Amino acid sequence: MNSVLEIKGENKGEILEVITQETATQSDLQKFKDALKAKKLQEEPVNILFIFKNIDGNTPKAMLEAWKMVTLLKSIKKSAIVADESFVGLNENIEKLIPGVSISQYPLEELEAAREWLRE
């Protein structure tokens, strides 16, 4: 099975982008955790851009669990979530799950706006 998780922006100074399509597997989640740890070693705080396309209901929750497990939350300042309609707004839940991280949600067509916000 092809990995449905793609990670960009692993170089210093770049926004970490996590693109997920369909269902994230355990190995995808591990890849995400490894990328997050590597990024944290380069620089802090880290800003993350999540892009969700055609996902099933559990994927965002799994991603958040992985994110929480890495417990690098103190090193994350902002996170933008860009998603199509398959992503059911988790806004309030996320804010509660991940205190201290500023989170914004954007539709897919506003990907650039999300990147701009993370650069501010």
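## Let's talk about the environment of Leu36
One can find Leu36 in helix α1 (residues 26-42). Residues Leu36 and Ser75, 39 residues apart in the sequence, show an inter-C-alpha distance of 10.0 Å.

## A closer look at the sheet that holds strand β2 (residues 16-21)
Two modes of strand pairing occur in sheets, parallel and antiparallel, and in both the strands are linked by backbone hydrogen bonds. The strand order β1-β2-β3-β4-β5 describes an open sheet built from 5 strands, whose pairing is mixed. Edge positions in the sheet fall to β1 (5-8) and β5 (102-107), since each has one partner strand and no second. Strand-to-strand twist across the sheet, computed as the mean angle between neighbouring axes with direction ignored, equals 15°. Pairing geometry for β2 and strand β3 (residues 46-53), over 6 bridges, is parallel. Counterpart to Ile19 in the pairing with β3 is Ile51. Of the strands in this sheet, β1, β2, β3 and β4 (76-83) touch α1, which is tilted by about 10° from β1. Packed on one face of the sheet, helix α4 (residues 111-119) meets β2, β3, β4 and β5 and runs near 175° to β4.

Calculation criteria
Residues numbered from 1 in each chain as written. Predicted model: local features only at pLDDT ≥ 70, side-chain atom pairs only at ≥ 80, totals over all residues. Heavy atoms only, no water. Helix = DSSP H or I, 4+ residues; strand = E, 2+ residues; numbered from the N terminus. Pairing = 2+ DSSP bridges. Axes fitted to C-alpha atoms, helices over the stretch in contact; angles between N-to-C directions. Contact = heavy atoms within 4.5 Å.

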